[in-house]
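So the chains spell out like this:
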Number of protein chains: 2
Amino acid sequence: MSRAARPAATEDSTSNSFAGVFAMLAPHMGALDRFLHEQLAAFEPEIRAMVEYCLDTSGKRIRPALVFLSGWSGANEIAPDLVRAAAVVELVHVATLVHDDVMDEADVRRRRLTASREYGPTPAVLVGDALFAHGLYLATQFPTTEICAAVTESTRRVCAGEIVQSLRRRSTDITRADYQRIVELKTAELFRVSCFFGARLAGSRPGFVTAAGRFGQHLGAAYQMYDDLVDFFGEEARIGKTLGTDLASGKLTLPLLELLERLPADETPALRAEIAGERPPQFALRLRQMRELAILPVIAEAVQVEVAAAAAALQEWPGHAPTPLLLRLCDVLQAQVAGLGPAGA
Amino acid sequence: MSRAARPAATEDSTSNSFAGVFAMLAPHMGALDRFLHEQLAAFEPEIRAMVEYCLDTSGKRIRPALVFLSGWSGANEIAPDLVRAAAVVELVHVATLVHDDVMDEADVRRRRLTASREYGPTPAVLVGDALFAHGLYLATQFPTTEICAAVTESTRRVCAGEIVQSLRRRSTDITRADYQRIVELKTAELFRVSCFFGARLAGSRPGFVTAAGRFGQHLGAAYQMYDDLVDFFGEEARIGKTLGTDLASGKLTLPLLELLERLPADETPALRAEIAGERPPQFALRLRQMRELAILPVIAEAVQVEVAAAAAALQEWPGHAPTPLLLRLCDVLQAQVAGLGPAGA
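Worth saying up front: this structure is predicted, and the values here are computed from it rather than measured.

1. Quick look at the overall build of chain A
Scanning chain A for helices and strands turns up 17 helices and 2 strands. Radius of gyration (C-alpha) of chain A: 20 Å, near the 20 Å computed for a compact globule of 345 residues. Looking at chain A as a whole, 49% of its 345 residues qualify as buried. Residue pairs at least 24 apart in sequence account for 74% of intrachain contacts in chain A once pairs closer than 6 positions are excluded.

This is how it looks when you write it as structure tokens:
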């Protein structure tokens, strides 16, 4: 589980990558790793290896980064409360990933077998539950019930978002408003609460706590749109997961929504049939059409709207230590989106 | 979700049935039903119908009953704190049932389609998560973090127990100690915390709070043994679920453990093969052998040991209002076990 043992990053380490921003958080992530490792002792001996396996595959740790950056008060300061809150959001997130992989019957995450493939779906559902429960237990270890209340509400909303998405799978009858609602619930919510925790636990003034939450919410929406773009325009080797899964599994994400709107009318029935699972998905064709119809700039624009809303939330807090760091995340996200296009889109 | 709308009880209503004891809790259960119904508004509109469906199938409500009985201070007193705590343990329990039914691919629970069959396994896993999250959210609505901390720890232990059980499925290499450990984690734990909540929230003295927890733990172990007996010796029409599922799914519960020990050596390979899933399960044969080898009295004796330990936990609190009510549960459980035998075992 040591961060040092991992390959430096799955994305390039220029200043416009997540890895670039997160480099400054290396000591914080080290503290988080140690904290998470210590948590293994809290689990029953019979399930520790499974829990450790799940933690190992946990990826970029964007949500913990949001906790640390929103509560930033200087590079040498690693507040134990922030480490614990980072562990809370990470454990909840990992639990949802473990359940996602069971439900999607996914084989690989972060270049390793998913917990579901390694241990079987039944233990994977249950270890997801145990990760959930322990994340929420850690949230009870603050002096007030506020943190635990916020994360349990947030978790319920994340699940609701995933339910809505799952009930809409294979449906082509989805609007942009539906997509936005799913994104708000399944992704923006935990980003929001991560920023809220960082600001709140660092003792920021209530106005900044609210602003940080709003920032996180919009950044989360932007991030999900980026992630949905990656599923088409990413490079498999760099991302470390299979592309085209949304088309294959019938998830009508924003790139597909835009494509459906822009394709000539006589070409949409075939795409609808692919989404509905009535015809095999034509990933290469759909990607080519997306390039021809300039879908990427359209979605880059939608990302830009959310990023601007995120930045606007912090407008009144220019002198606050976390503000420039959080704004840098906005730049990184936009650069990442731009980097998906063959000529920077 | 109205309790009044249900058939009176799935078990007979004599004084030695659970229904008999629970009759005195009718106003409390009514309050719990109203409270749970009010909670629907907290869920996102898109998932309310699913949540309501899951709550509807929730069964006997033994855990809420333990909360109410352990916090008993008179028939006219329905403390809001106890109602909320009862909702917490019920929601956590229902969440585990929903996940169990997904993993077991069960069709029917309480005479209705399981959530997994009604909505599909993916929404069912997620609605289980949402029920979990909301149960734990309700636990944050007490003034201190103590209640939420207790239920999150307990939930983790329940999951650990189910993981151990699931990893041991189809294995014939299980000892009584292994069985005891699974029972402690997956069942006794939530019974313990239910009694702890009732006593604690009623403001009982710390000695009684601890005693009630210990009572719940032993009663939970006894109850699980009874439940495992029912899977062989119960009457399908009365119980409302399919019998023989433990043998069919390769769960080596206490009746099967005892049968394996008592069968002549040359007959055990066939039974082992059935548990391992290498031969079709011979439920009628195994039940007949259990009767011939008098397995029921052996397990009735094991139940009696746990029931006695439960009663012993309350020994120093004879004058406390909850004590006689909790002890009556012990009598009921023993009567239920005895009632499984053709001649009262």
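Having seen the structure, we can now continue with the description.
2. Here we look at unusual backbone geometry
Residues apart from glycine generally show negative phi values, whereas peptide bonds are mostly found in trans. Even without glycine at this site, glutamate 105 of chain A takes up a positive phi of about 50°. With respect to the element layout, glutamate 105 of chain A can be found in the loop between helix 5 (80-104) and strand 1 (108-109). Even without a glycine there, the phi angle at arginine 170 of chain B is positive, about 70°. Looking at the secondary structure, you find arginine 170 of chain B in the loop between helix 8 (146-167) and helix 9 (176-201).

3. Focus on the interface of chain A and chain B
The partner chain B presents 36 residues to the 36 residues of chain A that form the contact. Put simply, the parts of the chain that give the side of chain A that touches chain B at least two residues each are helix 5, helix 7 (121-139) and helix 8 (146-167) of chain A. It is helix 8 of chain A that provides the largest number of residues to the side of chain A that touches chain B, a total of 14 residues. Each residue belonging to the side of chain A that touches chain B can be placed in one class, and the counts come to 21 nonpolar, 8 polar and 7 charged.

4. Here we look at the relation of the copies chain A and chain B
The two copies are related by a screw operation: chain A maps onto chain B through 180° of rotation and 0.0 Å of translation along the axis, at an RMSD of 0.0 Å. What we have between these two chains is a two-fold relation. Looking at the rotation axis and the C-alpha trace of chain A, the residue lying nearest is threonine 145 of chain A, at 2.7 Å.

5. Topic: helix 17 (residues 322-339) of chain B
Residues and elements named next belong to chain B. Compared with an ideal rise of 1.5 Å per residue, which puts 18 residues at 26 Å, helix 17 spans 26 Å between its outermost C-alpha atoms and is within 8% of the ideal. Along helix 17, the positions that sit buried rather than exposed are Pro322, Thr323, Leu326, Leu329, Cys330, Val332, Leu333, Gln336 and Val337. Lining the buried residues of helix 17 we find helix 1 (18-23), helix 4 (62-70), helix 10 (206-233) and helix 16 (295-313).

6. Regarding the environment of aspartate 104 of chain A
Relative to the helices and strands, aspartate 104 of chain A resides in helix 5. For the pair aspartate 104 of chain A and leucine 326 of chain A, spaced 222 residues apart in the sequence, the C-alpha separation amounts to 32 Å.

7. Considerations on the nonpolar core
The biggest cluster of nonpolar side chains holds 213 residues, and the ones touching the most others in it are Val127 of chain A together with Val127 of chain B. Three or more residues apiece are contributed to this core by two domains, here domain 1 (23-212) and domain 2 (243-315) of chain B. When residues no more than four places from it in sequence are discounted, the contact partners of valine 127 of chain A are Ile47, Met50, Val51, Cys54, Val98 and Ala115 of chain A together with Ile163 of chain B.

8. Thoughts on helix 9 of chain B
Residues and elements named next belong to chain B. With 26 residues, helix 9 should cover 38 Å at 1.5 Å per step; its first-to-last C-alpha distance of 35 Å lies within 8% of that length. Bending of helix 9 peaks at approximately 45° at the position of alanine 188. Counting buried positions over the 26 residues of helix 9 gives 20, a clear majority of the element. Residue glycine 203 follows helix 9 closely and has a positive phi angle near 80°.

9. As for the packing of helix 5 (residues 80-104) of chain B against helix 9 of chain B
Residue and element names in this part refer to chain B. Two elements in contact, helix 5 and helix 9, have axes separated by 9 Å at closest approach and are oriented at 170°. One element, helix 5, and the other, helix 9, form an angle in the roughly antiparallel class. Where helix 5 abuts helix 9, its residues Asp81, Leu82, Ala85, Val89, Val92 and His93 lie against Leu190, Val193, Ser194, Phe197, Gly198 and Leu201. A per-class count over the contact of helix 5 with helix 9 returns 8 nonpolar, 3 polar and 1 charged.

10. Thoughts on the environment of tyrosine 53 of chain A
Residue and element names in this part refer to chain A. Inspection of the secondary structure puts tyrosine 53 in helix 3 (residues 48-56). Given 18 C-beta atoms within a 10 Å radius, tyrosine 53 is considered partly exposed. Through-space distance from the C-alpha of tyrosine 53 to that of proline 123 is 12 Å; in sequence the pair is 70 residues apart. Once residues lying within four places of it in the same chain are set aside, the contact partners of tyrosine 53 are Ala115 and Glu118.

11. Section: the environment of glycine 59 of chain A
Of note, glycine 59 of chain A is situated in the loop between helix 3 and helix 4 (62-70). Separated by 119 residues in sequence, glycine 59 of chain A and aspartate 178 of chain A place their C-alpha atoms 28 Å apart.

12. What about the packing of helix 7 of chain A against helix 5 of chain B?
Relative to each other, helix 7 of chain A and helix 5 of chain B sit at 160°, their axes nearing to 9 Å. The angle between helix 7 of chain A and helix 5 of chain B falls in the class roughly antiparallel. Remark: the crossing between helix 7 of chain A and helix 5 of chain B carries right-handed chirality. Taking contact as the criterion, the partners of Thr122, Val125 and Asp129 of chain A in helix 7 of chain A are, on helix 5 of chain B, His99, Val102 and Met103 of chain B. Across the contact of helix 7 of chain A with helix 5 of chain B, the residue classes tally to 3 nonpolar, 2 polar and 1 charged.

The rules behind the values
- Residues numbered from 1 in each chain as written.
- Chains lettered and ligands numbered in written order.
- Predicted model: local features only at pLDDT ≥ 70, side-chain atom pairs only at ≥ 80, totals over all residues.
- Helix = DSSP H or I, 4+ residues; strand = E, 2+ residues; numbered from the N terminus.
- Rg over C-alpha atoms; globule rule 2.2 N^0.38 Å.
- Buried ≥ 20, exposed ≤ 12 C-beta atoms within 10 Å, placed from the backbone.
- Contact = placed C-beta atoms within 7 Å.
- Nonpolar A, V, L, I, M, F, W, Y, C, P; charged D, E, K, R; others polar.
- Least-squares fit on C-alpha atoms with pLDDT ≥ 70 in both.
- Expected span 1.5 Å × (residues − 1).
- Core = buried A, V, L, I, M, F, W, Y, C linked by C-beta atoms within 7 Å.
- Domains from an automatic or database assignment.
- Bend = angle between axes of the 7 residues up to and from the residue.
- Axes fitted to C-alpha atoms, helices over the stretch in contact; angles between N-to-C directions.
- Parallel < 35°, antiparallel > 145°, perpendicular 65-115°, else oblique.
- Left-handed = near helix turned anticlockwise from the far one by under 90°.

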